[in-house]
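Listed here are the chains, written in short residue letters.
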Amino acid sequence: MAVSMRCKCRHSERLLVPSLAFAALASNLLQGAMAQSTYSTATQQLQRLQDPNVIVTNTNGTVVVYSPLTGNEIPQGLATDGSGSGFSLPAVLWIAFSFTVGVPLMLAGFRGRRFTTGAAIGLSVAVTSWSVFVNTLDNVGISDITLTALVIVLFCLGFLFGLLEVGRMVGLLQLGIQGGLAIGIRIVLLRSLLLVPDPAAFFVNWLLVAICGLASAVLVIWKQRAGLLLGSASVGTFFCALGIDLAVNQQSGMSRGLRYLIDRNRYHVVDTTSNGYFPPTSTLVIIALSIALTPAFAYAQHKLFKGPFCPVHDDDIESLHASNESPVDEEPKLSGEEALRTSPPPVSALSNLMPLLKDRRSTPAATEKARATEGNAFADDS
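Residues numbered from 1 in each chain as written. Predicted model: local features only at pLDDT ≥ 70, side-chain atom pairs only at ≥ 80, totals over all residues. Heavy atoms only, no water.

Novice: Kindly report on the overall build of the protein chain, identifying the contributing residues and their values.
Specialist: Along the protein chain, the regular secondary structure elements total twelve helices and two strands. Taken from the N to the C terminus, the helices and strands of the protein chain come in the order α-β-β-α-α-α-α-α-α-α-α-α-α-α. The buried share among the 382 residues of the protein chain stands at 35%. Excluding contacts between residues fewer than 6 apart, the proportion of contacts in the protein chain whose partners are at least 24 apart in sequence is 76%. (Helix = DSSP H or I, 4+ residues; strand = E, 2+ residues; numbered from the N terminus. Buried < 20%, exposed > 50% of the residue type's maximum accessible area, 1.4 Å probe, protein only. Contact = heavy atoms within 4.5 Å.)

Novice: Go over the packing of aromatic side chains with me, naming the residues and quoting the values.
Specialist: Applying the stated criterion across every chain, the model contains six aromatic pairs. A centroid spacing of 6.2 Å and a plane angle of 80 degrees characterise the contact between Phe-97 and Phe-239, whose relative ring orientation is edge-to-face. A residue pair is termed long-range when its members are at least 10 positions apart, and Phe-97 in helix H2 (residues 89-112) and Phe-239 in helix H7 (residues 224-249) qualify at 142 residues. Phe-239 carries the same exposure label as Phe-97, and that label is buried. Geometrically, the ring pair formed by Phe-115 and Phe-159 is edge-to-face, given 5.6 Å between the ring centres and 70 degrees between the ring planes. With a gap of 44 residues between them, Phe-115 in helix H3 (residues 114-136) and Phe-159 in helix H4 (residues 144-163) connect regions that are remote in the sequence. For Phe-115, a relative accessible area of 31% gives the class partly exposed. By way of ring pairs, the aromatic residues Trp-94, Phe-97, Phe-115, Phe-155, Phe-159, Phe-238 and Phe-239 are connected into one cluster. When the ring centre of Phe-202 is taken as origin, the NZ or CZ atom of Arg-264, which lies over that ring, is 4.2 Å away. (Phe/Tyr/Trp six-rings, centres within 6.5 Å; stacked < 30°, edge-to-face > 60°. Lys NZ or Arg CZ within 6 Å of the ring centre and 35° of its normal.)

Novice: I'd love a proper account of the side chain of Thr-237, names of residues and values included.
Specialist: Here Thr-237 is to be found in helix H7. Looking at Thr-237, its side chain comes within polar contact range of the main-chain oxygen of Ala-233, at 2.8 Å. A polar side-chain atom of Thr-237 sits 2.9 Å from a polar atom in the side chain of Thr-294. (Polar contact = N/O pair within 3.5 Å; in protein donor to acceptor, adjacent residues only side chain to side chain.)

Novice: Summarise the pattern of salt bridges; cite the residues concerned and give the values.
Specialist: Applying the stated criterion across every chain yields a total of three salt bridges. For the salt bridge of Arg-256 with Asp-271, the shortest nitrogen-to-oxygen distance reads 3.8 Å. Taken together, the residues span a long stretch of sequence, with Arg-256 in helix H8 (residues 254-262) and Asp-271 in helix H9 (residues 269-275) at a distance of 15 residues. Arg-256 gets classed as buried once you look at its relative accessible area, which sits at 10%. On the basis of relative accessibility, which here comes to 13%, the residue Asp-271 falls in the buried class. (Salt bridge = Lys/Arg side-chain N within 4 Å of Asp/Glu carboxyl O.)

Novice: An account of unusual backbone geometry is requested, with residue identities and associated values reported.
Specialist: In this structure, Arg-113 takes a positive phi of about 55 degrees despite not being glycine. With respect to the helices, strands and loops of the structure, Arg-113 is situated in the loop between H2 and H3. Positive phi values are uncommon outside glycine, yet Gln-250 reaches one of about 50 degrees. With respect to the helices and strands, the residue Gln-250 is situated in the loop between H7 and H8.

Novice: Which residues make up the environment of Ser-234, and what values do they have?
Specialist: Checked against the element boundaries, Ser-234 lands in helix H7. Residue Ser-234 is classed as buried on the basis of its relative accessible area of 0%. Apart from the residues within four sequence positions on either side, Ser-234 is in contact with Gly-179, Ala-182, Ile-183, Arg-186 and Thr-294.

Novice: Mind laying out a nonpolar patch on the surface, listing which residues take part and the relevant values?
Specialist: A cluster of nonpolar side chains, Leu-89, Leu-93 and Ile-145, forms an exposed patch at the surface whose accessible area comes to about 230 Å². As for its position among the elements, Leu-93 is in helix H2. Using a relative accessible area of 31% as the deciding quantity, one classes Leu-93 as partly exposed. (Patch = residues over 30% accessible without salt bridge, like charges linked within 9 Å, V, L, I, M, F, W, Y side chains within 5 Å. Areas by Shrake-Rupley, 256 points an atom, 1.4 Å probe, with all protein chains shown as cover.)

Novice: Which residues make up the packing of H7 against helix H10 (residues 281-304), and what values go with them?
Specialist: Relative to each other, H7 and H10 sit at 150 degrees, their axes nearing to 8 Å. The angle between H7 and H10 places the two elements in the roughly antiparallel class. The two elements H7 and H10 meet at a crossing, and its hand is right-handed. Of H10, the residues touching H7 (which contributes Arg-225, Leu-229, Leu-230, Ser-232, Ala-233, Ser-234, Thr-237, Ala-241, Ile-244, Asp-245, Val-248 and Asn-249) are Ser-282, Thr-283, Ile-286, Ser-290, Thr-294, Phe-297, Ala-298, Gln-301 and His-302. Considering only residue class, the contact of H7 with H10 consists of nine nonpolar, ten polar and two charged. (Axes fitted to C-alpha atoms, helices over the stretch in contact; angles between N-to-C directions. Parallel < 35°, antiparallel > 145°, perpendicular 65-115°, else oblique. Left-handed = near helix turned anticlockwise from the far one by under 90°. Nonpolar A, V, L, I, M, F, W, Y, C, P; charged D, E, K, R; others polar.)

Novice: Please set out the environment of Phe-155 residue by residue, giving values where relevant.
Specialist: Mapping Phe-155 onto the fold places it in helix H4. Distance in space between the C-alpha atoms of Phe-155 and Val-127 is 8.6 Å, their sequence separation being 28 residues. Other than its neighbours up to four places away in sequence, Phe-155 contacts Phe-97, Val-101, Ala-119, Gly-122, Leu-123 and Ala-126.

Novice: So what's going on with the packing of H3 against H4? Which residues, and what values?
Specialist: Remark: H3 packs on H4, axes separated minimally by 7 Å, with the N-to-C direction vectors making an angle of 145 degrees. Taken as a pair, H3 and H4 cross one another with a handedness that is right-handed. Its residues assigned to classes, the contact of H3 with H4 comprises 17 nonpolar, six polar and one charged.

Written out as structure tokens, the structure is:
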């Protein structure tokens, strides 16, 4: 019995060693396959992300971008896009800028009037210029502080234009459009690698953002007050959420998502796709709360500020769709002759005309007397 047990143990030991070796080999092969699959997926995303660039993988595992037109290598740079790092000076400036613009619009944008229109035009100029810069600079680019300063200066110029009366109507329309864009962008940022992560369907994310902006523009033309209330609250909560997220998560939260959404520079392909957009949970919570609080702040401004947005010209946008029918209670205007016929003469005019009327009544008698005198004189001469 003891001999049989020893044989079984020895037999088990002989089988155990090859089994462990096979398991280790299988594990290594599986890990290698998973790594190769992950690497292949990243490479495919790079290839599909920025057409017509061609992605070539070197033997050492690095990714190199080539131009299909010239065949030359496209050098790659970091997609910081003026955001800075940590709490550097550009990052602090963006935090201060976000709260300076966001808090007044969120709490009293409808009452701000010229400040609100100025902020709307300034934001349009700033966001447009920032998008142009980050998509046209080469791999060297410019420093983050320089880019941040340029964008803030351009915002100030647009803000000054919005303070003028000539920029008021433009500011109203811009505020309505920006309210919808702010909601659409936040919806897109609620998921890692954006709402539609497939690079081939990247345009769907921007299509959703554009639909939200168009709907908000229609609202501000159709119902001016509702559109401006929603636009002010939406833009305000967006920038307040951005400021809070920059203070909590620095450049890894909303900042990274905005750069991943907007930056399609061919010099930033590798950095954009390799790092992607994987927001922490706190970023998703901040974005969701900002969206949920937008109607609440819009309604609060509606209850606090009863008057129109612009006291003198509050019907400018509403006149775009107003009906041409005249009011029912309005009486038709009379022409000049009809008005003279129907209107009674003033009392002073009647008093002035009375002597003239008396003179006209006495004219026949005086005429007869003159005729008799002339006849008598004619008889005496004869």
